[in-house]
Amino acid sequence: MINVFDDIAFQYGKLLKIDSQALVERYNRALFALIEKRTSLKEFHIDCTGFSPEIALELDNDDYLNAHGVNKKFILISMKQVDMDMAKTHFSSTMHMVKSFCRDNKKALTTLTAGDVVFGELDNKQFKANSVSDMLKANTVYITVDTSKKLLEKSTSCADKVELLLEGDNWQDDALLGDIIELSKTCGNVLKNGAIPSKLNYQRGHYYTTLFGGMYVFQMEEGITLITEDPLFNGNQEGLENVEVISQHSEKKVYAFLEKHNFIEPMSFNYLQEKLSEFELKLLHSAMDGYLKSKGVKSFAYMDKNAIKNYIVENYDHLPNDFYRIERLVNALQNNLPDSIKVKEYKPYFWRASSDLSGADFSLVSRLLCNFKSYSYFSMFVHNRKLFETKYKRWSEAKQDYVRTHLFDHSSIITNMRKRIDVE
């Protein structure tokens, strides 16, 4: 469960606290090997890749493990990191690749992290993506891995020597035996422990990237489709001649694409009727900003429904358009009048990520859909933290107080939503 009253958890999700001298030193050895820097902090938090928001603040560099947004470096101190969130990333696929790497090589990484810190890089063979077409070419990510004590190098060498020993009459080679004994003092029994990761290459698949103004990349057999966040994005670039470009700001086109490729599925009117109480709450949420501003409310951890309803009655003709839109839907659901509303005008409420999706793809589609659901605070918090943070900063202190408490009181919903993201 995420305690959203904890500032670190609220802003970055579930992170691992590093607060022992031994682990801090391990981290520093990896950090120096990767970027020739050390932290002076005695304790900090890390995400599944080893990124620390506190160290980023100390170094004044959010990309200290991710220069130019590509070739993400990682630091693995504990296998507990596989259960952590990702605090910052330029590619949504990074978290899933790192976790897949940890799971696919669990035995080897467990052995290595028992005695040392493991670190490496998600190498896409580009130091910088200078264009969108450059980025689209880097679909295969190669993971390089090492330890500060060179355990991997020594384990590989030991394994090679053991294999050589078993060939012919080499078992009588005292020098070879001596080398194996000396190496095994550091890396142990390589045949038993299996300390060499074997799965190192991963395909990026569909993903979201912050690069080039932010975009969703869907790579299918019939071609590539980009759904771009930047309304001024120029799709007439070299290398994009055969790429379909859709603006995220065209809700109709986005939903048409997602429906065509079975990324989303419809929800029946009867199903939505079962969620009537949720829509009634959204209706109050849509009028909340006006109420808080007009009444000069400073503290609002819990909603006073009667007060907001009275405000709605008093100001009915001057409420935001969202209120009237949701009101019509609530009325239709309450009175079982499916023909009274046009489903096309209510796409965000009648479509959801396909039940066939899981893991990275489910997370990606859910993230995209959040852009069309103004009052789905749970979805934004779980699936699109960037959008949530943007909106949160614009809210009044009273609304921030309310939403944060609302999330905390319904943390079980957040926990259940997160489970589907992490399934591979």
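What counts, and where the lines are drawn
Residues numbered from 1 in each chain as written. Predicted model: local features only at pLDDT ≥ 70, side-chain atom pairs only at ≥ 80, totals over all residues. Heavy atoms only, no water. Helix = DSSP H or I, 4+ residues; strand = E, 2+ residues; numbered from the N terminus. Buried < 20%, exposed > 50% of the residue type's maximum accessible area, 1.4 Å probe, protein only. Contact = heavy atoms within 4.5 Å. Areas by Shrake-Rupley, 256 points an atom, 1.4 Å probe, with all protein chains shown as cover. Pairing = 2+ DSSP bridges. Axes fitted to C-alpha atoms, helices over the stretch in contact; angles between N-to-C directions. Parallel < 35°, antiparallel > 145°, perpendicular 65-115°, else oblique. Nonpolar A, V, L, I, M, F, W, Y, C, P; charged D, E, K, R; others polar. Expected span 1.5 Å × (residues − 1). Core = buried A, V, L, I, M, F, W, Y, C linked by side-chain atoms within 4.5 Å. Lys, Arg positive; Asp, Glu negative; His and termini not counted. Salt bridge = Lys/Arg side-chain N within 4 Å of Asp/Glu carboxyl O. Arc of directions from axis to C-beta. Polar contact = N/O pair within 3.5 Å; in protein donor to acceptor, adjacent residues only side chain to side chain.

Enquirer: Could you clarify how one ought to interpret the overall build of the protein in this entry?
Expert: The helix and strand inventory of the protein stands at 20 helices and twelve strands. Residues counted as buried form 50% of the 424 residues belonging to the protein. Nonlocal contacts in the protein, meaning residues at least 24 apart in sequence, comprise 66% of its contacts between residues at least 6 apart. Of the roughly 21500 Å² that the protein leaves accessible, carbon and sulfur atoms contribute 48%.

Enquirer: Whenever I open this one, the sheet that holds strand β7 (residues 207-209) confuses me. Can you help?
Expert: Across a sheet, strands are paired by hydrogen bonds formed along the backbone, either parallel or antiparallel in direction. Here we have four strands laid out as an open sheet, ordered β7-β8-β9-β10, and mixed in their pairing. In this open sheet, the two edge strands, each paired with only one partner strand, are β7 and β10 (244-247). Strand-to-strand, the axes of this sheet are offset by a mean angle of 20°, without reference to chain direction. The sheet contact formed by strand β9 (residues 223-228) and β10 spans four bridges and is parallel. Looking across to β10, one finds that Ile227 is bridged to Ile246.

Enquirer: Mind showing me how you'd approach the packing of helix α12 (residues 276-295) against helix α19 (residues 397-409) here?
Expert: Axes are the key here: two packed helices are described by the angle between their axes and the distance separating the axes. Relative to each other, α12 and α19 sit at 155°, their axes nearing to 10 Å. In terms of axis orientation, α12 runs roughly antiparallel to α19. Along its contact with α12, which presents Leu281, His285, Met288, Asp289 and Leu292, the element α19 presents Ala398, Lys399, Tyr402 and His406. In terms of residue class, the contact of α12 with α19 is made up of five nonpolar, two polar and two charged.

Enquirer: Which parts of the structure should I look at to understand α12?
Expert: Owing to its 3.6 residues per turn, the α-helix aligns residues three or four sequence positions apart on the same side. For α12, with 20 residues, the first-to-last C-alpha span of 28 Å sits near the 28 Å given by 1.5 Å per residue. Those residues of α12 that fall on the buried side of the exposure criterion are Leu276, Phe279, Lys282, Leu283, Leu284, His285, Ser286, Ala287, Met288, Tyr291 and Leu292. Buried residues along α12 sit against α11 (269-274), α13 (305-314), α14 (321-334), α15 (347-350), α17 (377-383) and α19. Following α12 by one or two positions, Gly296 has its phi on the positive side, about 65°.

Enquirer: I keep staring at the pairing of strand β4 (residues 118-123) and nothing clicks. Help me out?
Expert: Consecutive residues of a regular strand have side chains that alternate between opposite faces of the sheet. Along β4, six of the six residues are buried, which leaves the element largely enclosed by surrounding structure. Burial along β4 is two-sided: the residues Val118, Gly120 and Leu122 and Phe119, Glu121 and Asp123 are all buried. Both strand β3 (residues 73-76) and β4 contribute to a ladder of four bridges, which runs antiparallel. The partner of Leu76 across the bridge, within β4, is Val118.

Enquirer: Please explain the sheet that holds strand β6 (residues 201-203) as it appears in this structure.
Expert: Taken together, the four strands give an open sheet; going across it, the order is β3-β4-β5-β6, and neighbouring strands pair in antiparallel fashion. Two strands bound the open sheet, and with one partner strand each, they are β3 and β6. When strand polarity is set aside, the average angle formed by the axes of neighbouring strands in this sheet is 25°. Of the strands in this sheet, β3, β4, β5 (140-147) and β6 touch helix α4 (residues 93-104), which is tilted by about 140° from β6. Packing against the sheet, helix α5 (residues 106-115) makes contact with β3, β4 and β5, and its axis sits at approximately 135° to β4.

Enquirer: When you look at the nonpolar core in this model, what are you seeing that I'm missing?
Expert: The tendency in soluble globular proteins is for nonpolar side chains to be buried as a group. With 95 residues, the main nonpolar core has Tyr27, Ile75 and Phe218 as its most contacted residues. It is α12 that provides the largest number of residues to this core, a total of eight residues. When near neighbours in sequence (up to four residues on either side) are disregarded, Tyr27 contacts Phe44, Ile46, Gly50, Phe51, Ser52, Ile55, Tyr64, Leu65, Ile75 and Ile77. Core analysis: the second largest hydrophobic core is formed by 16 residues, Leu112, Val118, Val141 and Ile143 among them.

Enquirer: Can you walk me through the pairing of strand β8 (residues 215-220) in this structure?
Expert: Among the six residues that make up β8, six are buried, leaving the element largely enclosed by the rest of the structure. Across the two faces of β8 the burial is the same, with Met215, Val217 and Gln219 and Tyr216, Phe218 and Met220 all buried. Pairing geometry for β7 and β8, over three bridges, is antiparallel. Bridge pairing in β8 links Thr209 to Met215. Once β7 ends, the chain turns through five residues before running back antiparallel as β8, passing Phe212 with a positive phi of about 55°.

Enquirer: Where do I start with unusual backbone geometry in this structure?
Expert: Where the residue is not glycine, phi is negative for most of them; where a peptide bond is considered, it is trans in most cases. Positive phi values are uncommon outside glycine, yet His68 reaches one of about 60°. Inspection of the secondary structure assignment puts His68 in the loop between α3 (53-59) and β3. Within the chain, Asn262 stands out as a residue other than glycine whose phi angle is a positive 60°. Mapped onto the elements, Asn262 comes out in the loop between α10 (251-260) and β11 (264-266).

Enquirer: Can you help me understand the side chain of Asp47 in this one?
Expert: Structurally, Asp47 can be placed in the loop between β2 (44-46) and α3. Buried and unpaired, Asp47 has no salt bridge, with Lys72 as the nearest side chain of opposite charge at 5.2 Å. Every residue in contact with Asp47, bar those within four places of it in the chain, is listed here: Leu15, Gln81, Met84, Asp85, Met86, Ala87 and Lys88.

Enquirer: Help me understand α5, please; the structure alone is not making it clear to me.
Expert: Among the residues making up α5, those that are buried are Ala108, Leu109, Leu112 and Thr113. In a view along the axis of α5, the buried residues occupy a sector of 120°, so they form one face of it. Away from its buried face, by an angle of more than 90 degrees, α5 presents the exposed residues Lys106, Lys107 and Ala114.

Enquirer: Is there a simple way to think about the environment of Thr113 in this case?
Expert: Topologically, Thr113 is positioned in helix α5. Along the sequence, Thr113 and Met79 sit 34 residues apart, while their C-alpha atoms lie 7.5 Å from each other. When neighbours within four sequence positions are excluded, Thr113 is seen to be in contact with Arg26, Leu76, Ile77, Met79 and Val118. Engagement of the side chain of Thr113 in a polar contact is seen with the backbone oxygen of Thr110, the distance being 3.4 Å.

The values are spatial; any link to function lies outside them.
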